Amino acid sequence: MPRSHDINRRHFLKVTGSGFAAAFLMSVPTRSYAAQDPVYTSFLSSVAINGYDPVAYFKSGKPVEGSKDHKTEWMGATWYFSSKENLDTFIAMPETFAPQYGGYCAWAVAQGDTASTDPHAWKIVDNKLYLNYSADIQSRWERDITGNIKKGDNNWPTVLND
């Protein structure tokens with residue numbers, strides 16, 4: 001069964017409020033019936049964070065594309081890194097560098113939902129990496145970072161089964 005949790009109907013409608021989007025999404029299956037994977041990957045691949053290096057957010061302070069030359073498997077996903085050093089750092093402490101909520105959108109998880117993420121919509125808070133669906137959604141999340149993290153922590157990981 002293909003994985004189809006890039007963005008689900010309920011979250012998309014909350015974000016867009018669009019009647020056209022509603023009509024379009026009602027005709028397109030966007031969710032599987034099984035629980036979602038603990039790490040967000042697109043339905044086209046098993047690569048986490050769209051191939052971006054999770055360690056680079058902390059070390060470089062920006063999203064950096066990873067390489068197939070430096071990769072590892074963790075939590076059912078393939079993780080790419082921009083250097084062997086970053087790969088080794090992740091292998092030693094994956095929980096320290098992996099994005100919160102399995103790389104699903106932090107704002108969506110705070111709302112009790114899941115959605116895909118944009119590697120460029122990110123923020124490190126208290127040494128934890130949070131990703132969001134888009135820059136606009138990240139702005140919403142940032143209006144109450146502490147409250148949204150608290151709600152997200154309370155919703156995670158049960159949102160994977162909704």
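Since the model is a prediction, treat every value here as computed from it, not as a measurement.

Draft legend 1. A look at the side chain of Asn86. Positionally, Asn86 belongs in helix H4 (residues 84-92). Given the relative accessible area of 7%, Asn86 is considered buried. Not counting chain neighbours up to four residues away, the residues in contact with Asn86 comprise Asp53, Val55, Ala56, Lys59 and Phe81.

Draft legend 2. Geometry of helix H7 (residues 135-142). Within H7, the full set of buried residues consists of Ile137, Gln138 and Trp141. Buried residues of H7 fall within an arc of 105 degrees about the axis and therefore sit on the same side. The exposed set on the far side of H7, more than 90 degrees from its buried face, consists of Ala135 and Asp136.

Draft legend 3. Region of the structure containing the packing of H7 against helix H8 (residues 145-155). Interaxial distance between H7 and H8 falls to 7 Å at its minimum, and their mutual angle equals 95 degrees. Taken together, the axes of H7 and H8 lie roughly perpendicular to each other. On H8, the residues that touch Arg140, Trp141 and Glu142 of H7 are Ile145, Asn148 and Ile149. Broken down by class, the residue content of the contact of H7 with H8 amounts to three nonpolar, one polar and two charged.

So, how was this worked out
- Residues numbered from 1 in each chain as written.
- Predicted model: local features only at pLDDT ≥ 70, side-chain atom pairs only at ≥ 80, totals over all residues.
- Heavy atoms only, no water.
- Helix = DSSP H or I, 4+ residues; strand = E, 2+ residues; numbered from the N terminus.
- Buried < 20%, exposed > 50% of the residue type's maximum accessible area, 1.4 Å probe, protein only.
- Contact = heavy atoms within 4.5 Å.
- Arc of directions from axis to C-beta.
- Axes fitted to C-alpha atoms, helices over the stretch in contact; angles between N-to-C directions.
- Parallel < 35°, antiparallel > 145°, perpendicular 65-115°, else oblique.
- Nonpolar A, V, L, I, M, F, W, Y, C, P; charged D, E, K, R; others polar.

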